[in-house]
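Letter by letter, the chains look like this.
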Amino acid sequence: MSGILIGDRIKSDIQNNSVILYMKGNAEMPQCGFSAVVVQILKNLNVPFKAVDVLVDPETRQGIKDFSNWPTIPQLYVKGEFIGGCDIIREMFDNGELKTLMTEKGVL
C-alpha cells in the first residue's frame, strides 16, 4: 500500500517542480560526491531546483529508483522528464547539451 503512496508523491513532486533533484543530502550539504557534482553543475548554470534528500526517507530512496527504473542516486528531472544521473549530467554539461536543454524547457 505504501508503495503506491510513495509513487504518487514522487510523481506529484516531479510534476510540480520544473527541476527536481533526488540526491543524498541537500543542496547546501551534499552527502556524496556524485550528488555534489550535480548540485555544482546546476548552481553553475544558475538553475533553480528542488532537492529531495533520499537519506532522510528510505521509502523515497527506494521509491525513486523504482519510479525511474534507474538504480543510482542522484536523479535529475526537468519538466517531468528523467534526464539521468551524475555521469549523464556531467557529460551533458561538458558538451553544452544541459544548458541547451534547460533553455529549451524554459528553465533558464
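Definitions and cut-offs
- Residues numbered from 1 in each chain as written.
- Predicted model: local features only at pLDDT ≥ 70, side-chain atom pairs only at ≥ 80, totals over all residues.
- Heavy atoms only, no water.
- Helix = DSSP H or I, 4+ residues; strand = E, 2+ residues; numbered from the N terminus.
- Polar contact = N/O pair within 3.5 Å; in protein donor to acceptor, adjacent residues only side chain to side chain.
- Contact = heavy atoms within 4.5 Å.
- Phe/Tyr/Trp six-rings, centres within 6.5 Å; stacked < 30°, edge-to-face > 60°.
- Core = buried A, V, L, I, M, F, W, Y, C linked by side-chain atoms within 4.5 Å.
- Buried < 20%, exposed > 50% of the residue type's maximum accessible area, 1.4 Å probe, protein only.

**Student:** Explain the side chain of Gln75 to me, please; I cannot follow it from the model alone.
**Tutor:** Position of Gln75 relative to the elements: it lies in strand β3 (residues 75-78). Within polar-contact distance, the side chain of Gln75 engages the backbone oxygen of Thr72 at 3.1 Å. Looking at Gln75, its side chain comes within polar contact range of the side chain of Tyr77, at 3.4 Å. Non-local contacts of Gln75, meaning those with residues more than four positions away in its chain, are made with Ile20, Leu21, Tyr22, Ile64, Lys65, Ser68, Trp70, Phe82 and Gly84.

**Student:** Hey, could you run me through the packing of aromatic side chains in this one?
**Tutor:** Given two aromatic rings, one states the distance between the centres and the angle between the planes to describe the pair. All told, the structure shown has four aromatic pairs when counted by the stated rule. Measuring from centroid to centroid gives 5.3 Å for Trp70 and Phe82, while their planes differ by 65 degrees, and the two rings are edge-to-face. Note that Trp70 is positioned in the loop between α3 (58-68) and β3 and Phe82 in strand β4 (residues 81-84), a separation of twelve residues in sequence. Between Tyr77 and Phe82, the ring centres sit 5.2 Å apart and the planes meet at 45 degrees, which makes this aromatic pair tilted. By the ring-pair criterion, three or more aromatic residues cluster together here, those being Tyr22, Phe67, Trp70, Tyr77 and Phe82.

**Student:** Honestly, the nonpolar core in this entry has me stumped. Any pointers?
**Tutor:** In globular proteins that are soluble, nonpolar side chains generally tend to be buried together. Formed by 20 residues in total, the largest nonpolar core has its most connected members in Leu76, Val78, Leu98 and Met102. For this core, the secondary-structure elements that each account for two or more residues are β1 (19-23), α2 (33-44), β3, α4 (86-94) and α5 (97-104). With four residues, α2 is the largest single contributor of residues to this core. Leu98 has contacts with Ile41, Leu45, Ile89, Met92 and Phe93, leaving out every residue within four places of it along the chain. Counting ten residues, the second-largest nonpolar core is a separate cluster that includes Ile6, Ile10, Val54 and Ile73.

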